[in-house]
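Secondary and tertiary structure notes
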Amino acid sequence: MVRIRVLVVDDHRIFAESLAAALAAEPDVDVSAAGSGPAALRSLERAVAEGRRFDVLLVDADLGGKVPGARSAVPVQEGNEDGLVDGISLVTGVRSAQPHVRIVVLAEKDDPRRAALALQAGACGWVAKDCSLSRLLTVIRGVLRDETHLPPALLTGVLRELTAARKHRTESERLVESLTPREREVLRCMVAGLGRKAVAERLYLSPHTVRTHMQNVLGKLGVHSTLAAVALARRAGVGPVDLAGDVVERGGQLA
């Protein structure tokens, strides 16, 4: 019998352990539980190192902070309040580190916007916490067949959110493409949180020239603040400049 290895991640100990115990009663399911994002990541890394990686991650959409310790039949591993604690952020981190893991988000209530964010982050399903155990098992087995599971009542709202996000991204990409190569370099520095003086030193420009480039960036992107420019850049997929290296070579074209 092929066994499914499941990790439940929820900072509400009673819920996590009750769900884990219920799933463990299934003959083809092995289950563990973690009480925080950092604890979940440690569990996943340890499982890979031991050659027994998890297949499915069940993540609380409202994952919070530290879990008090107490022994139980299905121990919830403790974490700390540092690192990944938000459920959607954990989805992103796990999909980046271990793309083979299928992730299902467990939610207290239906929320099309957050469900869309979860899917964009790499989740395969969104399930209400008050659903039946048989329904949850159907979803677990379904995502292992590369199915995506959403409550029917959420489908229209999620599709609307995904369509809107795609439209915003397309518009943002078009605006970023209107920038000159130098302006895109300045924008990447802005995304990295560098101020005008730091950008000037990094690009071997005068602060006055950097100010002009920044003003041009804001104007072409149609925004009025650095914060708004950074938000638009991230929607367009523009990442921060690598602070460990140089953006340009000294002596390169500066305008």
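Basis of the calculations
- Residues numbered from 1 in each chain as written.
- Predicted model: local features only at pLDDT ≥ 70, side-chain atom pairs only at ≥ 80, totals over all residues.
- Heavy atoms only, no water.
- Buried < 20%, exposed > 50% of the residue type's maximum accessible area, 1.4 Å probe, protein only.
- Helix = DSSP H or I, 4+ residues; strand = E, 2+ residues; numbered from the N terminus.
- Pairing = 2+ DSSP bridges.
- Contact = heavy atoms within 4.5 Å.
- Phe/Tyr/Trp six-rings, centres within 6.5 Å; stacked < 30°, edge-to-face > 60°.
- Lys NZ or Arg CZ within 6 Å of the ring centre and 35° of its normal.
- Salt bridge = Lys/Arg side-chain N within 4 Å of Asp/Glu carboxyl O.

1. Regarding the pairing of strand β3 (residues 56–60)
- Judged by how many residues are buried, β3 sits mostly within the fold: 5 of 5 residues are covered.
- In β3, alternate side chains face the same way, and those of Val-56, Leu-58 and Asp-60 on one face and Leu-57 and Val-59 on the other are all buried.
- For strand β1 (residues 4–9) and β3, the ladder comprises 4 bridges, and the chain directions are parallel. Note that in β3 the partner of Val-8 across the bridge is Leu-58.

2. Some details on helix α5 (residues 133–143)
- By the burial criterion, the buried members of α5 are Leu-136, Leu-137, Val-139, Ile-140, Gly-142 and Val-143.
- Structurally, α5 contributes buried residues whose contacts are with β1, α1 (13–24), β2 (29–34), β3, β5 (102–107) and β6 (125–128).

3. A short note on the packing of aromatic side chains
- Evaluated as defined, the whole model comprises 0 aromatic pairs.
- Taking the ring centre of Phe-54 as reference, the NZ or CZ of Arg-5 above it sits at 4.2 Å.
- The side chain of Lys-129 reaches across the aromatic face of Phe-15, ending 4.6 Å from its centre.

4. Topic: the pattern of salt bridges
- Applying the stated criterion across every chain yields a total of 13 salt bridges.
- Two residues, Arg-13 and Glu-17, come together in a salt bridge whose shortest N-O distance is 2.7 Å. Placement of both Arg-13 and Glu-17 in helix α1 is noted, with a separation of 4 residues, approximately one turn of the helix.
- Overall, Arg-13 belongs to the buried group, its relative accessible area being 15%.
- Its salt-bridge partner being Glu-185, residue Arg-182 comes within 2.3 Å of it at the nearest N-O pair. With Arg-182 and Glu-185 both in helix α7 (residues 181–191), this residue pair falls 3 residues apart, about one helical turn. Each member of the pair, Arg-182 as well as Glu-185, is classed as buried.

5. Thoughts on the pairing of β2
- The sheet contact formed by β1 and β2 spans 6 bridges and is parallel. Note that in β2 the partner of Ile-4 across the bridge is Val-29.

6. Points about unusual backbone geometry
- Within the chain, Asp-146 stands out as a residue other than glycine whose phi angle is a positive 65°.
- A relative accessible area of 59% places Asp-146 in the exposed class.
- Residues other than glycine seldom take positive phi values, yet Tyr-204 does so here, at roughly 60°.
- Residue placement: Tyr-204 occurs in the loop between α8 (196–203) and α9 (207–221).
- Residue classification places Tyr-204 among the partly exposed positions, given a relative accessible area of 28%.

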